[in-house]
Amino acid sequence: MKYNLAFKYRIYPNKEQELLINKTFGCVRFVYNTILYTANKIYEETGKNKIITPASLKSENQFLKEVDSLALSNAQLNVKRSFTNFFQKRAKFPRFKSKKNNVKSYTTNCVNNSIRIEKGKYLILPKLKKVKLKYHREIPKDYKIKSVTLTNSNGNYYVSILTEFEKEIQKMPSNDKVIGLDFSMSELFVSSENQRADYPRYFRMLEKKLKKLQKSLSRKVKFSKNWYKQKMKISKLHEYIKNCRRDFLHKLSKKLSEEYNAVVVEDLNMKGMSQALNFGKSVEDNGWGMFLKMLEYKLMFLGKQFLKIDKWFPSSKTCSKCGNVKEELKLSERSYKCECCGIEIDRDYNAALNIKDIGKEMLKY
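Reference entry: report on the structure contained in this document. (Residues numbered from 1 in each chain as written. Predicted model: local features only at pLDDT ≥ 70, side-chain atom pairs only at ≥ 80, totals over all residues. Heavy atoms only, no water.)

Quick look at unusual backbone geometry now. Unusually for a residue other than glycine, K89 sits at a positive phi of about 60°. Within the secondary structure, K89 sits in the loop between helix 3 (69–87) and strand 2 (103–109). Residues other than glycine seldom take positive phi values, yet K129 does so here, at roughly 65°. With respect to the helices and strands, K129 occurs in strand 5 (residues 129–133). (Helix = DSSP H or I, 4+ residues; strand = E, 2+ residues; numbered from the N terminus.)

Spatially, seven strands are ordered 2-6-7-1-5-4-3 in an open sheet, and the strand pairing comes out antiparallel. In this open sheet, the two edge strands, each paired with only one partner strand, are strand 2 and strand 3 (116–118). On average, each strand axis in the sheet is tilted by 35° relative to the strand beside it, whichever way the strands run. As paired strands, strand 4 (residues 122–125) and strand 5 are joined by four bridges and run antiparallel to one another. Residue pairing across strands places L125 opposite K129, the latter belonging to strand 5. (Pairing = 2+ DSSP bridges. Axes fitted to C-alpha atoms, helices over the stretch in contact; angles between N-to-C directions.)

It is worth spelling out the packing of aromatic side chains at this point. Tallying each qualifying case throughout the model produces 21 aromatic pairs. With a centroid separation of 5.7 Å and an interplanar angle of 80°, the aromatic rings of F83 and F93 are classed as edge-to-face. With F83 in helix 3 and F93 in the loop between helix 3 and strand 2, this pair connects stretches of sequence that are 10 residues apart. Positioned above the aromatic ring of F223 is the side chain of K100, whose terminal nitrogen or guanidinium carbon lies 4.4 Å from the ring centre. (Phe/Tyr/Trp six-rings, centres within 6.5 Å; stacked < 30°, edge-to-face > 60°. Lys NZ or Arg CZ within 6 Å of the ring centre and 35° of its normal.)

Below is the structure:
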């Protein structure tokens, strides 16, 4: 069976390559915005859906010939995908791209081995040729490179190399070493082994510093040089928080996937929870959805099980010892007291035990 896996690296282009990369960013943005504008205009005038090609723009805009043509073709595909997502009600109406965005990117495809890694320190890319690469994680030889997305984030350049590989994943028996995870706002999760993730809450740790930088930004003249400098500082701090969060979640998900044969979680609606309970910052800070995605694919590649139980199952209200279900349990009550068997247990730990038991029942079928 075929699978896709992306590898992210930092690259260090020279001045000429940097100039061409930035030119490509501009051309991709120009093509995207022009195609989107033309599509809207054609629809208003004729009522037809038509997406023009980048090739039709090159005769009037000669500068488009200087950059990677596949990057321009992917810009056209992105417009098509944006309209498809809009009509299928998965996204809002496509918007024009701004050059003031701190994160810029383009995607190019591998054709006839045009993208490859040489000597473990260079990445060969169309038009750019040899680009210095921090090759900290080796791509297996049987993995085929499909495409590369090049990104400039706050002055740093990265590549995400999408690979394709074939692997027969044999599912391991999961009767033993099963763990249940109950989502916790402050600690990320509490497990059925009574383990706490102890998530550092990076956003909350740096929130005062972020607030100070944003306050300074509000006092500057909008779109002035100092305003852009201050905006860059804020963007870099956000990127630092994001990288810290990703690093922590990657290490934690790897540890769990190696120790257990099956992981069981609740299928929660995090967006709805953050809106209903006004927990927006706390929910987004711990990155629960990102953590579950990491855990899922890492378990899958090891042939292990990742299970989601119904979000409406009353895991917090059910007694993990006798199975009694409470009619009402307030969010402020952090311990569970059973009226039938008299057990008193931590609320989240009790829920994790129930999640594990339901997961074990699912594994029998």
